[in-house]
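This is what each chain is made of:
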Amino acid sequence: MTKDLNLAQLQTYFANQLVPKKPASLAELDPLSDLLVDSHFTPTQVFNIYRNNFLISLSDMLEQIFPITQVLVGYDYFAHISRDFVYSVPLKQPHLNDYGSIFVSFLRQLKALEKMQFVGQMAELEWHLDYISHIYYKPDFDFKSLAKISEEHLLNIQFRLSDTCHLQTSKLDLIALHKDLSRAQKLSKSTTITAVTYQQQSYILGLQNHLGEAALMPLDQRHWTWLIGLQNGLTLAQLCDLENTDLNLLIAQIKDWIALGCIDGFSINSSSSSITNANLLKPKEYL
Amino acid sequence: MAYQQHLLTGTGIGLRQPHVEHFLQGTPAAGWLEVHSENYLQEKSKRRHQLRHIRNHYAISCHGIGLSLGSSDPLSQTHIKSLKALFNDIEPSLISEHLSWSSLNGRFYNDLLPLPYTHESLNHMITQVGQAQDLLGRQILIENPSSYLAFKQADMSEPELLNQLSQHSGCKLLLDLNNIFVSCSNMNTDPYDYLASINWHQVGEIHLAGHTLKQLPQGTIRIDTHNNPVCEEVWGMVTTYKDTLKHIPCLIEWDADIPSLDVLMAEAKKAQHYLGIAHD
């Protein structure tokens, strides 16, 4: 190799040595020996510092976001897949805000985990819990404006689900699994997980609690359907139609969700059709 | 919101997450605080909200690690936009970045990678720093990195490059004495020669930090980990240059194995002692 490379060529060469095409081929890389000033350390020794900084900084971040997934797949296997991820999926931004969500997609596509979909589900749950815990949320639902809405528009209200909420469903009781693995992790205890133990359809609401921490709440199917409806922008009328629900009951539930911080706003959808089978009541009496 | 404008005076500390609650609940006696810009980019994050609160009581310096000024890639306009929004929000007293690169062809390596000290690198840095300053509407301070290797392709020394960069781009310098000591030890050069070569009129901030020793068969290599107290050799450099340094804002950085706030504040007081600055 000639020593006269321009800046772009040198950086390309450096970057190629930093990230092996395949993790196993790391030892075969040429650590720029022709380009470096001689020192008492070998080019491989000094270059490994940069390789380690790159790998460790990103895999440490994954360990922090996905502690339960780590316990679920085992620490060694997690280290293996996070290394593969860091090498094969480029970080495209100068910050780490979204890198965890890309890791969830990566896990879901791993052939080795094809028959263990709950691993990807647990990672998705952890990613959202981490995200929720970092959002600044101050309850400021506009009750005054809501009270001004006329009866004719009541059923066209679309309530908005807060950014601090996450909805997820699974064929396993993910909340129980998360709880058991958290306990095992805190006690540094190894634990054997059999999916059979947790086989139960679950509907999960992740939200920021009043302490600003991410929390998990189990839902029944009806509440789940309503919240998914809200997330999809359904009006009150459409939500009532979904489960043939009494409007009073739905409004009482919406009050609870506003109090929990799950709903942070609303709008009126003037184009939606109104409901025929609900018991109409004035909004100010309820909200 | 208009904050009270503060100058950075005396010794500051790096604000890290384990200590944030102390600064939300009270006003520990730190001269000023420095944050890593990339940790506060999300406008609706708790961190940003907390920083706004803390900014009411402290001068803040924003230290960036993501602009990748030395990269042959163009500057990320998205990142510049996010930084600009942060700076407009927080109104920092200083902003700083590094003499390094961290991305290529759109891939980020989350590390500060070394540059060859050539005329091409110098001209490239002058262009990039100039563009960044124009886009951000603020002067940037550029920090010397810790190095573990040096390229054969070199037209000048690191301090020469920094001096020329500040002269031609209008930036100032952030001199990290620990990085100088780490680099010079690893390259077998004299840190005092480095200090003697610096144009001190251009230095707007000083960093002090600890590092890690790693034993290799040929000897000890020093790694810039920011997980230890400042070493005696670096305090020696501070003592030698105290008459110059005492007029420059000085920061204690501690980024890994973060100790209690008391330990960090004690390190800041130690810096004031070595610099001959009166304690609070």
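Quick summary incoming for the structure in this document. Sequence order as written defines residue numbering, which begins from 1 separately in each chain. Labels are handed out in written order, letters beginning with A for the chains and numbers beginning with 1 for the ligands. Note on the predicted model: pLDDT of at least 70 is required for a residue's local features to be given, and 80 or more for side-chain atom pairs to be given and counted; whole-chain, interface and lining totals, by contrast, use all residues. Side-chain descriptors were evaluated using all non-hydrogen atoms of the structure, hydrogens and water having been removed beforehand.

With respect to the pattern of salt bridges
Residue and element names in this part refer to chain A. By salt bridge we mean one thing: a side-chain nitrogen of Lys or Arg within 4 Å of a carboxyl oxygen of Asp or Glu. One pass over the structure, following the stated rule, counts 7 salt bridges over all chains. Notably, a salt bridge pairs Arg 160 with Asp 264, separated by 3.0 Å at the nearest N-O pair. Here the residue Arg 160 occupies a position in strand β1 (residues 157–161), and Asp 264 occupies one in strand β5 (residues 263–268), the gap between them amounting to 104 residues. The rule is simple: take the accessible area with a 1.4 Å probe, protein chains only, and divide by the maximum for that residue type; under 20% is buried, over 50% is exposed, in between is partly exposed. Residue class for Arg 160 comes out partly exposed when judged on its relative accessible area of 46%. Given a relative accessible area of 22%, Asp 264 falls into the partly exposed group. Strands here mean DSSP runs of E at least two residues long; helices mean DSSP runs of H or I at least four residues long; both are numbered from the N terminus.

Points about the packing of aromatic side chains
Aromatic ring pairs are defined here through the distance separating the ring centres and the angle between the ring planes. Only centres within 6.5 Å qualify two rings of Phe, Tyr or Trp (six-membered ring in Trp) as a pair; their planes then separate them into stacked at under 30 degrees, edge-to-face at over 60, and tilted for everything else. Going through the model one piece at a time under the given rule, you end up with 24 aromatic pairs over all chains. Taking 5.5 Å as the distance between ring centres and 75° as the angle between the ring planes, the aromatic pair formed by Phe 14 of chain A and Trp 101 of chain B counts as edge-to-face. Within this pair, whereas Phe 14 of chain A is found in helix α1 (residues 7–18), its partner Trp 101 of chain B is found in strand β5 (residues 101–104), the two belonging to separate chains. A residue is classified by how much of its surface remains accessible, and Phe 14 of chain A, at 0% relative accessible area, is buried. Judged by centre distance (6.4 Å) and plane angle (20°), the ring pair of Phe 103 of chain A and Phe 106 of chain A falls under stacked. On the criterion of helical spacing, the pair formed by Phe 103 of chain A and Phe 106 of chain A is a turn pair, its members being 3 residues apart in helix α5 (residues 99–108). Neither residue differs from the other here; Phe 103 of chain A and Phe 106 of chain A are each classed as buried.

Quick notes on the interface of chain B and chain A
Note on interface size: it is often stated as the accessible area lost on association of the parts. Only heavy atoms matter for contacts: two residues are in contact if any of them lie within 4.5 Å across the pair. If you look at the interface, chain B gives 47 residues, while chain A gives 48 residues. The quantity reported as buried area is the accessible area (1.4 Å probe) lost by two parts once they are put together, taken as the sum for both. Roughly 4200 Å² is buried in total at the junction of chain B and chain A, and carbon and sulfur atoms are behind 61% of that figure. The three residues of chain B that bury the most area against chain A are Lys 46, Arg 107 and Lys 152 of chain B, which together make up 16% of that side's buried surface. For the pair chain B and chain A, the number of links is 0 salt bridges. We call two N or O atoms a polar contact when they sit within 3.5 Å, provided that within protein one can donate a hydrogen and the other can accept it, with sequence-adjacent residues counted only if both atoms are side-chain atoms. Counting across the interface, chain B meets chain A through 20 residue pairs in polar contact (both at pLDDT 80 or more). Among the elements of the structure, α2 (46–55), β5, β6 (107–113), α4 (119–136), α6 (177–187) and β11 (219–223) of chain B are those that each provide at least two residues to the side of chain B that touches chain A.

Notes on the sheet that holds strand β3 (residues 199–208) of chain A
All names here are of chain A. Should DSSP find at least two bridges between two strands, the strands are regarded as paired. Spatially, the 3 strands line up as an open sheet ordered β2-β3-β4, and their pairing is antiparallel. Across the chains shown, the open sheet's two edge strands, defined by having one partner strand only, are β2 (165–172) and β4 (214–219). On average, adjacent strands in this sheet sit at an angle of 25° to one another, irrespective of strand direction. One ladder, built from 7 bridges, connects β2 with β3; its direction is antiparallel. Pairing of Cys 165 across the sheet is with Leu 207, part of β3. Fitted lines through C-alpha atoms give the axes, limited to the stretch in contact for helices. The angle between two N-to-C directions lies from 0 to 180 degrees. Helix α6 (residues 117–134) rests against β2, β3 and β4 of the sheet, and its axis sits at about 165° to β2.

Here's the deal with the nonpolar core
Judged by nonpolar contacts, the single largest core of 137 residues is most densely connected at Leu 177 and Leu 208 of chain B. It is helix α2 (residues 43–65) of chain A that contributes the most residues to this core, 10 residues altogether. Start and end points for every domain follow an automatic or database-based domain assignment. Residue assignment places this core across two domains, with domain 1 (2–115) and domain 2 (143–281) of chain A each supplying three or more. For Leu 177 of chain B, the residues in contact, after removing those within four places along its chain, are Leu 195, Ile 206, His 207, Leu 208, Val 234, Met 237, Val 238 and Leu 245 of chain B. Counting residues in hydrophobic clusters, the runner-up holds 31 residues, among them Leu 154, Tyr 203, Leu 227 and Leu 239 of chain A. In this description, a nonpolar core means a group of buried Ala, Val, Leu, Ile, Met, Phe, Trp, Tyr and Cys residues linked to one another through side-chain atoms lying within 4.5 Å.

Comments concerning helix α3 (residues 77–90) of chain B
All names here are of chain B. What a helix should span is 1.5 Å times the count of its residues minus one. The first and last C-alpha atoms of α3 sit 20 Å apart over 14 residues, in line with the 20 Å expected at 1.5 Å per residue. Within α3 the residues assigned to the buried category are His 79, Ile 80, Leu 83, Leu 86, Phe 87, Asp 89 and Ile 90. Those residues of α3 that are buried lie in contact with α2, β3 (60–63), β4 (94–98) and α4. Positive phi shows up at Glu 91, right after α3, with a value of about 50°.

What to know about the side chain of Asn 269 of chain A
Residues and elements named next belong to chain A. Positionally, Asn 269 belongs in the segment after β5. Classification of Asn 269 by relative accessible area gives buried; the value is 18%. Apart from residues no more than four positions distant in its own chain, Asn 269 is found in contact with Asn 156, Gln 158 and Thr 235.

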